[in-house]
Amino acid sequence: MKDFALPTRRALCMQGARALLGTALVLTAGHAMGHHGWSWADSEQTTLEGRIAHISMAPPHPSLVVTAADGGRWKVDLGNPAQTERSGFNAATAQVGDAVTVRGNRNKDPQQLHMKAVRISVGGKHYDMYPERIRD
Amino acid sequence: MSEVLTAVLDAIASWPGARWLQGSDTAYVFVNTAHILGLGLLLGAIVPLDLRLAGLWRQVPLPVLVPFLTRAAALGLALAVAMGLWLFSVRPHDYVINPAFQCKAGLLLLALGNIVWQHGSPALARSLHTGTVCTGVRLRAIASMLLWLAVLLAGRWIGFL
């Protein structure tokens, strides 16, 4: 029993150590800091024009997938559920295929097609997620 | 993503419980709170238990502490896992590709395996009788604490990727 237990224990310890190291590497890499806060996003605001490919109103964060003119598929984080609702945007506001203009801050990593919207515009109407942050 | 995986995730995202949370921010907050309560119970019980087994507070009797904290941790684990799976079902497509979630799932399996090992081995029961904790139990206790803290960290990281 003991002869059997020893290598197994060592193997599991190694496995655990490797998993912890893996976590540490992934967590410190942090190149894709997501929807919480703004530190992951560029301080300059940009405008993205495209068509809505997918709408998700599910908590914790409503989001859109927007196909740009060049074919790039962008993930667009909206406000939190309450902010999004206050902006006037809801599940019935837009449909897949609608043209959309997104004003917001894109991910600092230029490889990531990912931005956080301060305002989206659909059908000539503005929906302001973060009214105090909108800069033209 | 393979078509089979997508179909499975679609099915997960469309069970009535997921549909309910997708449409109700208030319900989501309650389930999220229950998940955190589960984490609190689990970590709040398992950290002192593991530290005791690792060698701290030797004056506290093991036959009292171990069954009590084990049950509290098990209750917390059951709550955290049930609520966690429910929260996962709200946006499963996003979570499966989230590196922090993938890490968390792997660490969770290791932590659960460690529980099976610790409680399946006769060494823990022997420690309760003799009052002396053998090295294996001690190492598994330290591994348990580190693994659960890593699960906690990876879980909190999901929203930041």
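These figures come from a predicted structure and were not determined experimentally.

The rules behind each value
- Residues numbered from 1 in each chain as written.
- Chains lettered and ligands numbered in written order.
- Predicted model: local features only at pLDDT ≥ 70, side-chain atom pairs only at ≥ 80, totals over all residues.
- Helix = DSSP H or I, 4+ residues; strand = E, 2+ residues; numbered from the N terminus.
- Contact = placed C-beta atoms within 7 Å.
- Core = buried A, V, L, I, M, F, W, Y, C linked by C-beta atoms within 7 Å.
- Buried ≥ 20, exposed ≤ 12 C-beta atoms within 10 Å, placed from the backbone.
- pLDDT = per-residue confidence, 0-100.
- Axes fitted to C-alpha atoms, helices over the stretch in contact; angles between N-to-C directions.
- Parallel < 35°, antiparallel > 145°, perpendicular 65-115°, else oblique.
- Left-handed = near helix turned anticlockwise from the far one by under 90°.

Caption draft 1: Fine view of the overall build of chain A. In terms of helices and strands, chain A carries 2 helices and 6 strands. If you list the helices and strands of chain A from N to C, you get α-β-β-β-α-β-β-β. Long-range pairs, those at least 24 residues apart, make up 49% of the contacts in chain A between residues at least 6 apart in sequence.

Caption draft 2: Focus on the nonpolar core. The biggest cluster of nonpolar side chains holds 51 residues, and the ones touching the most others in it are V102(A), A117(A), L42(B), L107(B) and V151(B). Counting residues per element, this core draws most heavily on helix 8 (residues 135-157) of chain B, which supplies 9 residues.

Caption draft 3: Molecular detail of the confidence of the model for chain A. All names here are of chain A. In the predicted model, chain A carries a mean pLDDT of 82, and the fraction of residues at 70 or more is 74%. In this model, residues 1-7 is a region of pLDDT below 50 whose contacts with residues beyond four sequence positions or in other chains number 0 contacts. For the stretch residues 25-33, pLDDT sits under 50, and the model shows 11 contacts to residues farther than four places along the chain or on other chains.

Caption draft 4: Inspection of the packing of helix 3 (residues 25-54) of chain B against helix 4 (residues 62-88) of chain B at higher detail. All names here are of chain B. The interhelical angle for the contact between helix 3 and helix 4, taken along N-to-C directions, is 150°, at an axis separation of 7 Å. Put simply, helix 3 runs roughly antiparallel to helix 4. Here helix 3 runs over helix 4; the crossing is left-handed.

Caption draft 5: Just unusual backbone geometry, in detail. Following P59(A), the chain continues to P60(A) via a peptide bond in cis, the omega torsion being 5°. Here P60(A) lies in the loop between strand 1 (46-56) and strand 2 (63-68). Despite not being glycine, W57(B) has its phi angle at roughly 50°, a positive value.

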